[in-house]
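Each chain, written out:
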Amino acid sequence: MSALRRKFGEDYQVVNTNRAAAFAAPVKKKRQRFVDKNGRCNVQHGNLGGETSRYISDLFTTLVDLKWRWNLLIFILTYTVAWLVMASMWWIIAYIRGDLNQGHDQNYTPCVANVYNFPSAFLFFIETEATIGYGYRYITEKCPEGIILFLFQSLLGSIVDAFLIGCMFIKMSQPKKRAETLMFSQDAVISQRDGKLCLMFRVGNLRNSHMVSAQIRCKLIKSRQTPEGEFLPLDQCELDVGFGTGADQLFLVSPLTICHEINSKSPFFDLSQRSLRSEQFEIVVILEGIVETTGMTCQARTSYTEDEVLWGHRFLPVMSLEEGFFRVDYSQFHNTFEVPTPSYSVKEHDTKASLPSPLVTPTLGEARGRPDRVFSADGLDAADERPAGARLPSKLQRMSTSGKDELQRKVLKLSSHHAEKASSTGDLPLKLQRLGSAPAQGDAEDRLQLRALRVEVGPMTQSTGDLPPSLAAGGRPENSLPAKLRRMNADR
């Protein structure tokens, strides 16, 4: 244990998943499984009615599918009954011809020499069937019915031998025994791999002979109800274990961890650690391939119920590098250790990631609850990017419907003659104050049009001061300036 701690860290706790280990665990009612851990399907067919005749029509497959005790019983009974019937037929021929009463007469030629009773007739049949004779007992040429029975016995014996011996050979060479050397982990785990939540389990091959074209598939068995109200008690859903990427094609020379990525297409998209305790499902794993030695197709199966899925665990590594080869330690095949794993589902994670960040702060104008006012010529372009009529006073909005583009061009032309920064008394910008100064001759008409604009006091600015009454009444801007600024404008 200390070596494992040093290898994986003190935060990881090794968990022994061996069911034979003694530990205090809550007693849980046995779960009814659809497929047992050994791969046997827990399904029985009943009330077939007249459909049982279909088993007789495929008698060979029926005998192969029977258990070994029934196969041996049928094998022994078939040969015993066939021998007794054929021996009785030879005895009947001898009895009808009177060979039984005159068997010891040297001058009498019987159908079968030295057949006096039923045991002697049975021994003659065994010698004929097993091709041991002929020595003491043999068929004579004066018995045509015996020759016909001999031909019939040879044909029937060949058919029975081919049928029963072939059935036993197929049953002995079935790939089911090969499937017993394919291992599955006792539990499945859910943890993160490459930053994604995944459902994982482990498979292994105990033999050195390989499985050719090994492929693995997973089915989710879970009851559900359709939107139309139909209840499906054992609905089967496919679990993607790498079908699109080719990861389901296995090179099974060492234990492999099969991974199912839980995403929006997975049936476990809304599965969390808490909801796992109340879910009822079964994961059926099917591993199939071609046996390298016999060329027959082999299939191994197992299943995992909801109580056999461990959240926040990972499998212990079993591979180690030795001198010249890799060694697999199957004693750690079923063991897992705990790893940090989010307890919420992938759906909850995607929902949280799609929410807007609470750190985004509103702009200054939105925080104050009133629109921005831009009076400088440099800010007209920025104001145009906002919705039309959302930042202008009512009078400017009415004027913008007729000559907005022309007015902006004229204001930009007037403002291009002045480069100094704006300084105001109260809230009046400097560029509007300079409208009253001496302009060029070509700007006289433009200045008169701008003078006609009546600037309202209050909502025009966001400063603490108010416009002078003279400007609010429509007077010239230079009349409301301080004396020092008026003298500076006059000097210019």
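Up top is the structure.
A few points on the structure. (Residues numbered from 1 in each chain as written. Predicted model: local features only at pLDDT ≥ 70, side-chain atom pairs only at ≥ 80, totals over all residues. Heavy atoms only, no water.)

Section: the packing of aromatic side chains
Taken as a whole and judged by the stated rule, the model has eight aromatic pairs. Relative to Phe281, the ring of Phe268 lies with its centre 5.3 Å away and its plane at 55°, an arrangement referred to as tilted. One end of the pair, Phe268, is in the loop between β8 (256–261) and α8 (273–276); the other, Phe281, is in the loop between α8 and β9 (282–291), with 13 residues separating them in the sequence. Overall, the relative accessible area of 5% leaves Phe268 in the buried class. Residue class for Phe281 comes out buried when judged on its relative accessible area of 2%. Following the ring pairs from residue to residue traces out a cluster consisting of Phe75, Tyr79 and Trp83. Sitting over the ring of Phe333, Arg202 keeps its end group 5.6 Å from the ring centre. The side chain of Lys352 reaches across the aromatic face of Tyr344, ending 4.7 Å from its centre. (Phe/Tyr/Trp six-rings, centres within 6.5 Å; stacked < 30°, edge-to-face > 60°. Helix = DSSP H or I, 4+ residues; strand = E, 2+ residues; numbered from the N terminus. Buried < 20%, exposed > 50% of the residue type's maximum accessible area, 1.4 Å probe, protein only. Lys NZ or Arg CZ within 6 Å of the ring centre and 35° of its normal.)

So, helix α4 (residues 68–97)
Since there are 3.6 residues in each turn of an α-helix, residues three or four apart along the chain are aligned in direction. Across its 30 residues, α4 extends 44 Å between first and last C-alpha, which sits within 8% of the 44 Å expected from 1.5 Å per residue. For α4, the full list of buried residues reads Asn71, Tyr79, Met86, Ala87, Trp90, Ile93 and Ala94. Its buried side turned inward, α4 meets α3 (59–65), α5 (118–129) and α6 (144–172). (Expected span 1.5 Å × (residues − 1). Contact = heavy atoms within 4.5 Å.)

Points about a nonpolar patch on the surface
Judged by side-chain polarity, Phe60, Trp68, Leu72, Phe169, Ile170 and Met172 come together as a nonpolar surface patch covering roughly 580 Å² of accessible area. When contributions to the nonpolar patch are tallied by element, the ones reaching two or more residues are α4 and α6. Among the elements that make up the nonpolar patch, the one with the highest residue count is α6 (three residues). Tracing the backbone through its elements, the reader meets Ile170 in helix α6. (Patch = residues over 30% accessible without salt bridge, like charges linked within 9 Å, V, L, I, M, F, W, Y side chains within 5 Å. Areas by Shrake-Rupley, 256 points an atom, 1.4 Å probe, with all protein chains shown as cover. Salt bridge = Lys/Arg side-chain N within 4 Å of Asp/Glu carboxyl O.)

Comments concerning the pattern of salt bridges
If you walk through the whole model with that rule in mind, you get nine salt bridges. A salt bridge links Asp36 to Arg40; the nearest nitrogen and oxygen atoms lie 2.8 Å apart. Linking Asp235 and Arg224 is a salt bridge whose minimum nitrogen-to-oxygen distance equals 2.8 Å. Of the two residues, Asp235 is situated in strand β6 (residues 231–239) and Arg224 in strand β5 (residues 211–225); the sequence distance between them amounts to 11 residues. Residues joined by salt bridges that share partners form a network here, namely Arg33, Lys37 and Glu308.

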